[in-house]
Each structure stands twice: as C-alpha cells, then as structure tokens.
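Geometric and topological summary
Listed below are the residues making up each chain.
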Amino acid sequence: CMIGLVLLGMDDTLLHVPVLAEVMHGVETAVSRINGNLLFANLPNADLVPAMLQGNQVEGLIVKASQYGTFPDAEKNPLLRSILRFPLVWVWAKPEGLSGDLCSFNHEHAARLVTEHLHQRCHQRVAYLNPKKGKSSLEHIKKEFQHACAIKGMELTLLEAVSTGALIWPEPAFTGPEGFL
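Residues numbered from 1 in each chain as written. Predicted model: local features only at pLDDT ≥ 70, side-chain atom pairs only at ≥ 80, totals over all residues. Heavy atoms only, no water.

Moving on to the overall build of the chain. Looking only at helices and strands, one finds five helices and nine strands in the chain. Overall, the chain shows an N-to-C arrangement of helices and strands of β-α-β-α-β-α-β-β-α-β-α-β-β-β. Residue burial in the chain is summarised as follows: out of 181 residues, 34% are buried. Here the contacts in the chain between residues at least 6 apart in sequence split such that 72% fall between residues at least 24 apart. (Helix = DSSP H or I, 4+ residues; strand = E, 2+ residues; numbered from the N terminus. Buried < 20%, exposed > 50% of the residue type's maximum accessible area, 1.4 Å probe, protein only. Contact = heavy atoms within 4.5 Å.)

Set out below in structure tokens:
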C-alpha cells in the first residue's frame, strides 16, 4: 500500500525539531512493517496540491499540521478539499471540524506520570512553562497537568508566553539567520 505523509502549514525551520524527526521516523517504521511505501509532501505554505494527491497515488494520508490559527474553509481551499478525500490520520492534533482520526500521546497519562515523578521527589510547588499559548497540544497538556497537580495537592504556577497577536496559519518560522527568534 502507498501512504502519504504530509507536513502541512509548518515553516521549514520547524521540521528540524528533534521530536518531529522521531515522529516521522516512527511513521516510516510503521509503514515499512506492513510492507507499505511512504510518499512525503512538505507544504509549508499550504498552497499547492502535490502530485501524489492529484493523481490518487496514495491510499491514505498521515498529516502533521500547524496547530496555530484557524484552517481555511475546506470547501474553498483546493488543498484541504483534496486531503479530505482520503482516509486520514492527524498526528499530535486534529484541526477542529475536520474529518479523520487522531494519533497523539495521552495527555492525561503524560501529566500524571510527570506529576507523580515530581510528587515522589517531594516537590510541592511546581511550574508549567508554556512557550506557545494557544497551541492546541500544549493547552491540552496544561489542562491535564493542572488537574494532576490539584489531585496531589501541589501548588502550580503557570508561566506562559505573552501573546503577540492573533494566531496565524500557516505557522511561521521560529528561527532566523541568527538562530532562534
């Protein structure tokens, strides 16, 4: 079988984040285990319909999309309309209102593991550092961490980045020629 892996609306600089490389490696390994083949499309501007979608070269898609802002209307956007024709799995976060399944980690379980680890080491005051307020996966983790800390009676301080305006999609770069912005 032929599976498409699509990175959608993410600046090229975001592809160098080690955890994303591990996710992509995991996808490749899983597809190889079923004797499948993987076609890759990186669409940072989310403005082109790649050949693999135009020619129906794939049987399904695995999509990692930017988690910022609101997706364009699928009825008016040729790329999204094309993507939504296929069986679809979203990685990390599924855009609101779109079809497909979600493959992500269990936020509740992760928060519980971290909280238990800190509690066992007698931490009573902890902080949650949220570098991208409004990013869907980080908001889920924050909520579950708040809940897990409350159960253990731990004092939680939230440290969140100050919003610099409306969340945009596609997601912009976070590095420049001089390094991190």
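Here we take up the environment of tyrosine 128. Among the secondary structure elements, tyrosine 128 is positioned in strand β6 (residues 125-130). Residue classification places tyrosine 128 among the buried positions, given a relative accessible area of 9%. Counting along the chain gives 29 residues from tyrosine 128 to threonine 157, while the straight-line C-alpha distance between them is 6.3 Å.

Within the secondary structure, glycine 60 sits in strand β3 (residues 60-65). A residue is classified by how much of its surface remains accessible, and glycine 60, at 6% relative accessible area, is buried. In sequence terms glycine 60 and isoleucine 3 are 57 residues apart; their C-alpha atoms lie 5.3 Å from each other. Setting aside chain neighbours within four positions, we find glycine 60 in contact with Met2, Ile3, Gly4, Phe86 and Pro87.

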